[in-house]
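So the chains spell out like this:
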Amino acid sequence: MSILTSASGASVWRGYEYYTMKRVVSLEKVGEDEYEGQVAGRGEEPYHVKINTAHIRRSRCNCPHADGTQKICKHMVALYFAAYPKEADKYIAEVEEYEREEQKCLEEHCAEVRSYVNSLSKKELQEELYRTLIEIEEMKNKYW
Ligand SMILES: [Zn+2]
């Protein structure tokens, strides 16, 4: 269990953005595995954030999302990245690697579809187009 694995994917991403946008306005090491600081949120007053990397559930933030709960919010993630910048570098490297893979996969898939379409005769294309249009119609009726 870590701050990053306990937070939702969206909170980690937003936390990373907060960190890179320098919204962590203060950071202090207050214990062996504890950090406290202030993270600017949407309002005028920054949130008070405390993270404990040994006991994740002792982490606190007074934002509406996390206050009074044991949820790990983006402010905690931002403070965590400020305390451990190497983890932020590791995280963004992983995100970029994932995106590259996705892009490659997409390109390969598109190339496959393109070569399939090119291999069809006019009659086959007409048939394929007809079926595709009908399918789109059906999907519209189903979801719209
Ligand atoms: Zn928060």
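The rules we used
- Residues numbered from 1 in each chain as written.
- Predicted model: local features only at pLDDT ≥ 70, side-chain atom pairs only at ≥ 80, totals over all residues.
- Heavy atoms only, no water.
- Salt bridge = Lys/Arg side-chain N within 4 Å of Asp/Glu carboxyl O.
- Helix = DSSP H or I, 4+ residues; strand = E, 2+ residues; numbered from the N terminus.
- Domains from an automatic or database assignment.
- Axes fitted to C-alpha atoms, helices over the stretch in contact; angles between N-to-C directions.
- Parallel < 35°, antiparallel > 145°, perpendicular 65-115°, else oblique.
- Contact = heavy atoms within 4.5 Å.
- Nonpolar A, V, L, I, M, F, W, Y, C, P; charged D, E, K, R; others polar.

**Q** Please clarify how the pattern of salt bridges should be interpreted in this entry.
**A** Pairs can form between side chains of opposite charge whenever their charged atoms are close. Following the criterion strictly, the structure yields 5 salt bridges and no others. A salt bridge links Lys90 to Glu87; its shortest N-O distance comes to 3.8 Å. Highlighted residues: Lys90 and Glu87, both in helix H4 (residues 85-119), separated by 3 residues, approximately one helical turn.

**Q** Explain the domain arrangement of the protein chain to me, please; I cannot follow it from the model alone.
**A** As a measure of interface size, the accessible area lost when the parts come together is often cited. Domain annotation of the protein chain identifies domain 1 (3-83) and domain 2 (92-143). Here the C-alpha centre of domain 2 lies 41 Å away from the C-alpha centre of domain 1.

**Q** What exactly am I supposed to notice about the packing of helix H3 (residues 74-83) against H4 here?
**A** H4 packs onto H3 with a crossing angle of 110 degrees between their chain directions and a minimal axis gap of 5 Å. As the angle between them shows, H3 and H4 are arranged roughly perpendicular. Between H3, through Tyr80, Phe81, Ala82 and Ala83, and H4, the contact on the second element is made entirely by Pro85, Glu87, Ala88 and Tyr91. Taken together, the residues of the contact of H3 with H4 break down into 7 nonpolar, no polar and 1 charged.

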